[in-house]
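Geometric and topological summary
As a plain string of letters, each chain reads:
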Amino acid sequence: MAGAFDFAPVIVLLPFLSFVVSLAAGKYLPKGGAFGGIAATAGSLAVSAWVFLTVSQGNVYNETLYTWVAGGETSLSFGLLLDPLAAMMLLIVCLVSMLVHVFSLGYMNDEGETGLPRYYAGLGLFTASMLGFVVADNLLMAFMFFELVGLCSYLLIGFWFRQDGPPSAAKKAFLVTRFGDYFFLVGVVAVFATFGTAKFAGEGAFPVLAEEALHGSAEAVRTFGFAPETWFTIVGLLILGGVVGKSAQFPLHTWLPDAMEGPTPVSALIHAATMVAAGVYLVARMYGFYALSPTALGIIALVGGFTALFAATMGVVKKEIKQVLAYSTISQYGYMMLGLGAGGYVAASFHLLTHAFFKALLFLGAGSVIIAMHHDENMWNMGGLKDRMPVTYYTFLSGSLALAGIVPFAGFWSKDEVLYEALVHGLGGSPLLLAGYAMGLVAVFFTGFYTFRMVFLTFHGEPRSETARDPHGVRWNVKGPLVVLGILAATIGFVNMVPVQDLTGIHLEYLHDWLAHGEISALTAEHYSELLHDYAHYTSADVASYVAGAVSLALALAGAGAAHVLYNVPDPDEHTEKLGAVKTLWYNNYYQDEYQVWIAQSLVLPIARVADTFDQGVVDGVVNGVSSVSLFAGSRIRRIQTGVVTNYAVLLSLGLTALLVVFGLVGGWFA
């Protein structure tokens, strides 16, 4: 009898089918192909739920479906890896994608947008690409879908290609993430060159071979003259380049705020469940490899902690509602990277789960506000929407409380656990983790401030424009997804309430139990803990989780309280203007775009010109020189090709005579 795993490929194929149908026949279908996309993602969600239930019974699927290159010791294949992490992520992607499709009926169709078949085709391919990435059983397959995700983001960010902003933003996203992907590609090649395989799990998987190499028992592993630990760190950091680009971590984060030029439902999908989530998911997927390198983990934690604080400061001064959410996304994925680097595999996965729902909620809530404001995104033109849009307000408030980390909403439990892991392992003897924790802790205050500054400016006070006084209404296709996500933002954190468990003794670590065990022991949180202890030398200090949680909560409340005092008034002032030069620095994103352009023009371009000169003068010169000699020699030799038989006979006779003379001289015939 066929089981859930036999139908698992359908999870990827259904959204891909909706892409094909929308592209080929969307203009003939109702709503431009929206219903096909909704049906496809709903079907994928149903099969994903079936897979989730099957995995919950202790089953794991790790099989190769198709080998497309087989030669020597290395083979290239497509396969499925369905373990607890993948099963959880499948539910996240499918649910968020389905809700985005439904929301798009209100945001795109009801607003009279053109090009809808192209839009829904893009959503279908985007969803299929991310789902293919999630279930990939090897690094090369993951890389291929990783690149497809990037391509889809380019197409969807630039959906309104007739305007000036979206095409530029799409190209920027494509180029910045490609820069990171170059390192990822080199890392993939390095994995094959080192291990001869790119499989994530099973006998002979590259994380397993790496562990054996550190034991000295994997003779086939090649490290090219480096110590194994050093070489594995280099390979891990190369792959991390792709992660930094896709997950918008410093310094490759600059594309994400510009990506707000795309339709708001696309922003929700990119930030919550697809492109930006892909990088963090990849580190979690190959965590057994990263856990062998304390250096790589330290860098991941430091980059994550710095990004969390760095992006949070910029969110404080933004005027557009989607810009605030964009910088919050960069900051929140920084927390996830901090958790992974700090040894908090479960904590980072937990924050990936909660963030997917509350960030999708916030973007869709912002989309509802944008519809009401006739696509004006400036919060200073809003105000007073609380009573005019109650469903949007209360669901948006649920997401905001989760983002700020206010108990008992989802973000509190997951963000607190990330910071707790960084603290206890930092105090256990890792200064880098303590630095990451300190930056993450300061970012909590800024997060609480910019989140509730956004809430108060948008919904509270008096209307500050005619549009805010008489906003456009929204329908069920906008409100429905908000209600579903609002409930999840309030409740999904209950799956892993560590502080409450420590206080009461009641077992509440359900997500930890989900990820800690499995049929493939090398993919479990339990095994990762052993690796972190044995190879990364992580030890935990004795700190109560509820104490660390209380500190985090106090800072979040302080930030929210400061925003309440300054902005929850009938006619708020732009208090950030008082920051002077600091406000200018933050508003201009620390001049990141400017310095990157300067690097490109002042450093990269001259090097490229020198390389071009060398290529044309030396490389092409040698090639052209060889061809010139050949052409000259040919032009001279062809003169003997006269077509006269007597001439050929003379040449043959002379040639034979010359050969006889040479043989005679060499053989001593004339001695």
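Quick notes on the rules
Residues numbered from 1 in each chain as written. Predicted model: local features only at pLDDT ≥ 70, side-chain atom pairs only at ≥ 80, totals over all residues. Heavy atoms only, no water. Helix = DSSP H or I, 4+ residues; strand = E, 2+ residues; numbered from the N terminus. Contact = heavy atoms within 4.5 Å. Areas by Shrake-Rupley, 256 points an atom, 1.4 Å probe, with all protein chains shown as cover. Core = buried A, V, L, I, M, F, W, Y, C linked by side-chain atoms within 4.5 Å. Buried < 20%, exposed > 50% of the residue type's maximum accessible area, 1.4 Å probe, protein only. Domains from an automatic or database assignment. Salt bridge = Lys/Arg side-chain N within 4 Å of Asp/Glu carboxyl O. Axes fitted to C-alpha atoms, helices over the stretch in contact; angles between N-to-C directions. Parallel < 35°, antiparallel > 145°, perpendicular 65-115°, else oblique. Left-handed = near helix turned anticlockwise from the far one by under 90°. Expected span 1.5 Å × (residues − 1). Arc of directions from axis to C-beta. Phe/Tyr/Trp six-rings, centres within 6.5 Å; stacked < 30°, edge-to-face > 60°. Nonpolar A, V, L, I, M, F, W, Y, C, P; charged D, E, K, R; others polar. Patch = residues over 30% accessible without salt bridge, like charges linked within 9 Å, V, L, I, M, F, W, Y side chains within 5 Å. Disulfide = S-S within 2.5 Å.

What about the overall build of the protein chain?
Secondary structure assignment for the protein chain yields 27 helices and two strands. Taken over the C-alpha atoms alone, the protein chain extends approximately 115 × 60 × 60 Å along its principal axes. Relative to all contacts within the protein chain whose residues are 6 or more apart in sequence, the contacts with residues 24 or more apart total 78%. Surface summary for the protein chain: the accessible area is close to 26,600 Å², and the carbon and sulfur share equals 66%.

Examining the environment of Leu605
Mapped onto the fold, Leu605 is located in helix H26 (residues 592-637). As for Leu605 and Glu594, which are separated by eleven residues in sequence, their C-alpha atoms are 15 Å apart.

Focus: the nonpolar core
Judged by nonpolar contacts, the single largest core of 232 residues is most densely connected at Leu139 and Trp255. Of the domains in this structure, domain 1 (1-137) and domain 2 (163-577) are the two that each give at least three residues to this core. The contact partners of Leu139, leaving out residues within four places of it in the chain, are Phe184, Val188, Val191, Ala198, Phe200, Phe206, Ile239, Leu282 and Met286.

Notes on the pattern of salt bridges
Under the criterion given, the structure shown has nine salt bridges. Salt-bridge contacts for Lys246 lead to Asp181; the nearest nitrogen and oxygen are separated by 2.9 Å. One end of the pair, Lys246, is in helix H8 (residues 228-246); the other, Asp181, is in helix H6 (residues 165-195), and 65 residues separate them in sequence. A relative accessible area of 3% places Asp181 in the buried class. Two residues, Glu577 and Lys583, come together in a salt bridge whose shortest N-O distance is 3.2 Å. Each of Glu147, Arg178, Asp181 and Lys246 takes part in a single network of salt bridges with overlapping partners.

Thoughts on the packing of helix H2 (residues 34-56) against helix H3 (residues 84-109)
At a minimum axis separation of 8 Å, H2 and H3 run at an interaxial angle of 160°. With respect to H3, the element H2 is oriented roughly antiparallel. When the axes of H2 and H3 are compared, the crossing they make is left-handed. Residues Ala34, Phe35, Gly37, Ile38, Thr41, Ala42, Ser44, Leu45, Ser48, Ala49, Phe52 and Val55 of H2 touch H3, and the partners they reach there are Pro84, Ala87, Met88, Leu90, Leu91, Cys94, Leu95, Ser97, Met98, His101, Val102 and Leu105.

Focus: the domain arrangement of the protein chain
Examined at the domain level, the protein chain breaks down into domain 1 (1-137), domain 2 (163-577), domain 3 (578-640) and domain 4 (645-670). Using C-alpha coordinates to define each centre, domain 3 is positioned 55 Å away from domain 4.

Considering helix H1 (residues 9-25)
Helix length check: H1, at 17 residues, gives a terminal C-alpha distance of 24 Å against a target of 24 Å (1.5 Å per residue), a fit within 8%. Every buried residue of H1 is listed here: Ile11, Val12, Pro15, Ser18, Phe19 and Ser22. Viewed end-on, H1 has its buried residues packed into an arc of 125°, placing them on one side of the element. For H1, the exposed residues lying more than 90 degrees away from the buried face are Leu13 and Ala24. Contacts from the buried residues of H1 go to H2, H3 and helix H4 (116-135).

Quick look at the packing of aromatic side chains
All chains considered together, the criterion is met by 40 aromatic pairs. Both rings, one in Phe103 and one in Tyr107, keep their centres 6.1 Å apart while their planes meet at 25°; by these two values the pair is stacked. On the criterion of helical spacing, the pair formed by Phe103 and Tyr107 is a turn pair, its members being four residues apart in helix H3. Side by side, Phe103 and Tyr107 carry an identical accessibility label, which is buried. Judged by centre distance (4.9 Å) and plane angle (75°), the ring pair of Phe412 and Trp413 falls under edge-to-face. For the pair Phe412 and Trp413, one class covers both residues: buried. Following the ring pairs from residue to residue traces out a cluster consisting of Phe195, Phe200, Phe206, Phe232, Phe289 and Tyr290.

Details of helix H7 (residues 206-215)
Given 3.6 residues per turn, any residue in an α-helix points the same way as the ones three and four places further on. Every buried residue of H7 is listed here: Phe206, Pro207, Leu209, Ala210, Glu211 and Ala213. Buried residues along H7 sit in contact with helix H5 (139-157), H6, H8, helix H12 (287-290) and helix H23 (525-534). Immediately beyond the C-terminal end of H7, within one or two residues, lies Gly216, with a positive phi of roughly 85°.

Regarding the packing of H3 against helix H15 (residues 345-372)
Close contact between H3 and H15 brings their axes to 11 Å; oriented N to C, the two are set at 0°. One finds that H3 runs roughly parallel with respect to H15. Taking contact as the criterion, the partners of Leu85, Met88, Met89, Ile92, Leu95, Val96, Phe103, Gly106 and Tyr107 in H3 are, on H15, Tyr345, Ser349, Leu352, Leu353, Ala356, Phe357, Ala360, Leu364, Gly367, Ser368, Ile370 and Ile371. Of the residues belonging to the contact of H3 with H15, the class tally is 17 nonpolar, four polar and no charged.

Points about the side chain of Thr274
Secondary-structure assignment places Thr274 in the loop between helix H10 (264-272) and helix H11 (275-285). Judged by its relative accessible area of 0%, Thr274 falls in the buried class. Every residue in contact with Thr274, bar those within four places of it in the chain, is listed here: Phe126, Met130 and Leu269.

What about a nonpolar patch on the surface?
On the surface, a cluster of nonpolar side chains totalling about 520 Å² of accessible area is made up of Phe614, Val618, Val619, Val622, Val623 and Val626. Structurally, the position occupied by Val622 is in helix H26. By relative accessible area, which is 53% here, Val622 ends up exposed.

Concerning unusual backbone geometry
Between Phe250 and the following residue, Pro251, the backbone shows a cis peptide bond with an omega angle of 5°. Along the chain, Pro251 turns up in the loop between H8 and helix H9 (255-258). Between Val407 and the following residue, Pro408, the backbone shows a cis peptide bond with an omega angle of 5°. Considering the arrangement of structural elements, one finds Pro408 in the loop between helix H16 (390-404) and helix H17 (410-427). For Phe224, which is not glycine, the phi dihedral falls at a positive 55°. With respect to the helices, strands and loops of the structure, Phe224 is situated in the loop between H7 and H8. Look at His375: it is not a glycine, yet its phi comes out positive at around 70°.

Comments concerning the side chain of Thr313
In this structure, Thr313 sits in helix H13 (residues 294-315). Judged by its relative accessible area of 5%, Thr313 falls in the buried class.

Focus on the state of the cysteines
Between two cysteines, a covalent bond joining their sulfur atoms is known as a disulfide. A complete count under the given rule lists zero disulfides for this structure. Note on Cys94: no disulfide assigned, nearest cysteine sulfur contributed by Cys152 at a separation of 15 Å. Given the relative accessible area of 2%, Cys152 is considered buried.

Things to note about the environment of Pro257
Assignment of secondary structure puts Pro257 in helix H9. Residue classification places Pro257 among the buried residues on the basis of a relative accessible area of 5%. Between the C-alpha atom of Pro257 and that of Tyr327, which follows or precedes it by 70 residues, the distance is 6.8 Å. If we skip the residues at most four places from it in the chain, Pro257 touches Gln323, Ala326, Tyr327 and Ile330.

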